[in-house]
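# Structural overview for review
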Amino acid sequence: MDTATPQGPGLESREIGWHFLQLPGPTNIPSRIRNAMDKPAIDQRGKQFARLALKLFGGMKRVFKTRGGEIFIYPSSGTGAGEAALVNTLSAGDKILMFDSGWFSLLWIKMARQFGLSVEVMENDWRRAPDPEAIEARLAEDKHHAIKAVFVVHNETSTGVAARIPEIRQALDDAGHPALYIVDTISSLASMDFRMDEWGIDVAIGGSQKGLMLPPGLSFNAVSEKARRVSEHASLPKCYWDWRWHRECEHTGFFPYTPAINLFYGLEESLKMLLREEGLENVFNRHARLGEATRRAVGAWGLETVCREAREHSDSITAVLVPEGHDADRFRSVVLDRFNMALGGGLQRFAGKAFRIGHMGDVNDLMLSATLSGVEMGMDLTQMPHTPGGAAAAERYLALGE
Ligand code: PLP
């Protein structure tokens, strides 16, 4: 007779069923997208590829919600598109206003310093988004317009805090400040609403491995007419990322280097799912429901999210603080070994203190319910103090909206 208990060693590390990849990126890649990429290579200078590329530029305009903006597609992770945003718009010594409000915000600060930009940093405790009022006040002081760009991360993937992007636009306008508005949408694009034109964004930065449900390897810039004009005088060194090199791609479908052809097939399928089948607004509503359900679970467990402010909660990732004296990384490792589920870890100041639940991309109600059950069972197994019933609270919300 098998005497192993349900928690017994016999069940550990067994990879039965599917792996629950509940990270805030990379996210699950639907099988139809994987299948769509399973194609032979084609001539990247042939008509067939050009047709595909032109279609994708059009689709990405819809994803960024821009009519007149230019789209650039790079074969890189999101960091590359961030570098492209900086080197195409700024010159050495230019002042840029940035925010130390999370791990990814810090990434951009480090990058900007490395390029010799004069970085002015506004800090917070990483539990809030950049404050539009403080931004307005700072910009209003900058009478001679020394600040050339304001760089904001829309959805801080390390904390689950979402910046109020339209309010920051308003802050720039109210201060009458001409700085470029650069926004990292890497973990919000195609999962949380983003409106390039309506919100007056000058450069948006995107990546493939999050809401677009693709493997890592494609990144994007969406660029306003104003940013395009500024870029003509921007003198930071660049070559591979130079918008001037790529400008024609959007019209010809040909790239100045070998494009990531198979990822393009994947993007074609992803855009079909997002734009034609589900519809972007439904995609955002689905993420909003999943986000709310997750927060209800966290509340019912008696735990706290890293995000302190209700109107700044991310809908695609929830970071949960573990009770004092408990180790979030040990908890995650138990969940992985026991339930074959990957959760995100706390980064930098939240290392060991928080874990992150990704509910981004190809996720439905039952996948989230299972995820939250896995989290709750993991808390039982690691004796992490919590009130039982969080997963049930989320399920009730998902089923009945209450
Ligand atoms: N910015 C944000 C908000 C991110 O979530 C990430 C990655 O997770 C990055 C930047 C860096 O992108 P990548 O890892 O694709 O280079």
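What this report covers is the structure whose coordinates are included nearby. (Residues numbered from 1 in each chain as written. Predicted model: local features only at pLDDT ≥ 70, side-chain atom pairs only at ≥ 80, totals over all residues. Heavy atoms only, no water.)

## A few points about the side chain of T157
What counts, and what does not: Only DSSP runs of H or I reaching four residues or more are called helices, and only runs of E reaching two or more are called strands; each is numbered from the N terminus. Think of it in three bands: residues with accessible area under 20% of the maximum for their type are buried, residues over 50% are exposed, and the middle band is partly exposed, with areas taken using a 1.4 Å probe on protein chains only. Counted as a polar contact is a pair of N or O atoms within 3.5 Å, where, for protein atoms, one must be capable of donating a hydrogen and the other of accepting one, and residues adjacent in sequence contribute only when both atoms are in side chains. Here a residue-residue contact requires only that any non-hydrogen atoms of the pair lie within 4.5 Å.
Looking at the element boundaries, T157 is found in the loop between strand 6 (155-156) and strand 7 (161-162). We classify T157 as buried; its relative accessible area is 6%. Polar side-chain contacts of T157 include one of 2.7 Å to the side chain of S187. Once residues within four sequence positions are removed from consideration, T157 is found in contact with P24, F104, S187, K210, I317 and R356.

## Some details on the sheet that holds strand 10 (residues 219-223)
We apply this condition: Paired strands, in this sense, are two strands between which DSSP finds at least two bridges. Working convention: axes come from line fits to C-alpha atoms, limited for helices to the stretch in contact. Angles between N-to-C directions cover 0 to 180 degrees.
Judged by pairing direction, the sheet is mixed, and its seven strands sit side by side in the order 2-10-9-8-5-3-4 without closing on themselves. Strands at the two margins of the open sheet, each flanked by one partner only, are strand 2 (70-74) and strand 4 (118-123). Put simply, the sheet's adjacent strands are angled 20 degrees from each other on average, direction ignored. When strand 5 (residues 147-153) meets strand 8 (residues 180-184), the two strands line up parallel, connected through five bridges. Each residue of the ladder has a partner; that of V153, found in strand 8, is D184. This element, helix 2 (residues 47-64), spans strand 2, strand 9 (203-207) and strand 10 of the sheet and lies at about 110 degrees to strand 2. In the packing of helix 3 (residues 78-89) onto the sheet, contacts are made with strand 2, strand 3 (95-100), strand 5, strand 8, strand 9 and strand 10, and the angle to strand 9 comes to roughly 160 degrees.

## Side note on the site of the ligand
Convention followed: Only heavy atoms are used to decide nearness, and a residue is near a molecule or strand if one of them lies within 4 Å of it. Computed with the Shrake-Rupley method and a 1.4 Å probe, the accessible areas treat only the protein chains shown as cover for residues. Residues are grouped as follows: nonpolar covers Ala, Val, Leu, Ile, Met, Phe, Trp, Tyr, Cys and Pro; charged covers Asp, Glu, Lys and Arg; every other residue, Gly included, is treated as polar.
Surrounding the ligand, one finds 13 residues, the nearest of these being S77, T79, T157, D184 and K210. Between an oxygen atom of the ligand and a side-chain N or O atom of T79, the distance comes to 2.5 Å. Relative to its free-state accessible area of 390 Å², the ligand is covered by the protein chains to the extent of 88%. Of all the secondary-structure elements, those providing two or more residues to the shell around the ligand are helix 3 and helix 4 (103-114). In the shell around the ligand, the residues fall into four nonpolar, seven polar and two charged.

## A word on the packing of aromatic side chains
The condition that has to hold: Ring pairs shown here join Phe, Tyr and Trp side chains whose ring centres sit within 6.5 Å, with only the six-membered ring taken for Trp; geometry is labelled stacked below 30 degrees between planes, edge-to-face above 60, and tilted in between. Sitting over a ring, as applied to charges here, requires NZ of Lys or CZ of Arg to be within 6 Å of the ring centre and within 35 degrees of the ring normal.
Scanning the entire structure with this criterion turns up 15 aromatic pairs. Ring geometry for Y74 and W241: centres 5.0 Å apart, planes at 70 degrees, overall edge-to-face. Here the residue Y74 occupies a position in strand 2, and W241 occupies one in the loop between helix 7 (225-231) and helix 8 (243-246), the gap between them amounting to 167 residues. In this pair, the class of Y74 matches that of W241, namely buried. Relative to F264, the ring of F255 has its centre 5.5 Å away and its plane inclined at 80 degrees; by these criteria the two rings are edge-to-face. Taken together, F49, F57, Y74, Y240, W241, F255, Y257 and F264 form an aromatic cluster joined through their ring pairs. Its guanidinium or amino end placed over the ring of Y265, K39 lies 4.6 Å from that ring's centre, counting from NZ or CZ. Above the plane of the ring of W103 lies K110, whose end atom (NZ or CZ) is 5.3 Å from the centre.

## Structural notes on the environment of R67
Within the secondary structure, R67 sits in the loop between helix 2 and strand 2. The class of R67 is exposed, set by a relative accessible area of 77%.

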